[in-house]
Amino acid sequence: MSEPIAQQNLQRPALASALTELENRQLIELAGGHYRATSRWHAALARAAKYFADYEEPLEDIRLPISKALIDIFRDQLTEGDLLAAVEIMLELQHSPGE
């Protein structure tokens, strides 16, 4: 994602829906005009990474623990499109400076 998430939100309905869900669960917050991951998200991501470490699964792709954390949090409450958008958002935030 090259544009800020907030701007993309206006162009892609799936992102808008996922952003709302992530904010409602207090996994992201808007601070200084930019979204950032909360400590609640970081804890969920750490639990997901530990799951893979416990099973000695190599983590070559950050999308695996991101996806697991989101699935653990939302279970079956997100559509497939919203889940994919949420993974995209959280992946972008993981690569953002200051995260």
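Since we're looking at a predicted model, the values are computed, not measured.

Rules used throughout
- Residues numbered from 1 in each chain as written.
- Predicted model: local features only at pLDDT ≥ 70, side-chain atom pairs only at ≥ 80, totals over all residues.
- Heavy atoms only, no water.
- Axes fitted to C-alpha atoms, helices over the stretch in contact; angles between N-to-C directions.
- Helix = DSSP H or I, 4+ residues; strand = E, 2+ residues; numbered from the N terminus.
- Parallel < 35°, antiparallel > 145°, perpendicular 65-115°, else oblique.
- Left-handed = near helix turned anticlockwise from the far one by under 90°.
- Contact = heavy atoms within 4.5 Å.
- Nonpolar A, V, L, I, M, F, W, Y, C, P; charged D, E, K, R; others polar.
- pLDDT = per-residue confidence, 0-100.
- Expected span 1.5 Å × (residues − 1).
- Buried < 20%, exposed > 50% of the residue type's maximum accessible area, 1.4 Å probe, protein only.
- Arc of directions from axis to C-beta.
- Pairing = 2+ DSSP bridges.

### Looking at the packing of helix α4 (residues 63-74) against helix α5 (residues 80-94)
Reasoning step 1: In contact at an axis separation of 10 Å, α4 and α5 are set at 125° when each is read in the N-to-C sense. When the axes of α4 and α5 are compared, the pair comes out oblique. Crossing angle aside, the handedness with which α4 passes α5 is right-handed. Contacts between α4 and α5 involve R63, I66, S67, L70 and I71 on the former and, on the latter, L83, A86, V87, M90, L91 and Q94.
Reasoning step 2: Considered class by class, the residues forming the contact of α4 with α5 number eight nonpolar, two polar and one charged.

### Some details on the confidence of the model for the chain
Reasoning step 1: Confidence along the chain averages 85 in pLDDT terms, with 86% of residues attaining 70 or more.
Reasoning step 2: Helix α1 (residues 5-11) is the least confidently modelled element of the chain, averaging 58 in pLDDT, while α4 averages 95, the highest of any element.

### Considering the environment of L64
Reasoning step 1: For L64, the position within the fold is in helix α4.
Reasoning step 2: Along the backbone, L64 and A49 are 15 residues apart, and their C-alpha atoms lie at a distance of 8.4 Å.
Reasoning step 3: With residues near it in sequence (within four places) discarded, L64 still touches F52 and L59.

### Considering helix α3 (residues 39-54)
Reasoning step 1: Taking 1.5 Å as the rise per residue, α3 with 16 residues should run 22 Å; its terminal C-alpha atoms sit 22 Å apart, in good agreement.
Reasoning step 2: All of the buried residues in α3 are W41, A44, L45, A48 and F52. For α3, the angular spread of the buried residues around the axis is 100°, confining them to a single face. Counted as exposed and oriented over 90 degrees from the buried face of α3: S39, R47, K50 and A53.

### Concerning the pairing of strand β2 (residues 34-37)
Reasoning step 1: Every second residue of β2 is oriented toward a common face, the buried set being Y35 and A37 and the non-buried set H34 and R36.
Reasoning step 2: In the sheet, strand β1 (residues 28-31) pairs with β2 via four bridges, with the strands oriented antiparallel. What sits directly across from E29, in β2, is R36.
Reasoning step 3: Taking the residues between adjacent antiparallel strands as the criterion, β1 and β2 are bridged by two residues, where G32 takes a positive phi near 65°.

### Some points on α4
For an α-helix, 3.6 residues make a turn, and residues three or four places apart therefore share a direction.
Reasoning step 1: A rise of 1.5 Å per residue sets the reference length of α4, with its twelve residues, at 16 Å; its end C-alpha atoms lie 16 Å apart and thus fit the reference within 8%.
Reasoning step 2: Among all positions of α4, only P65, I66, K68, A69, L70 and F74 are buried.

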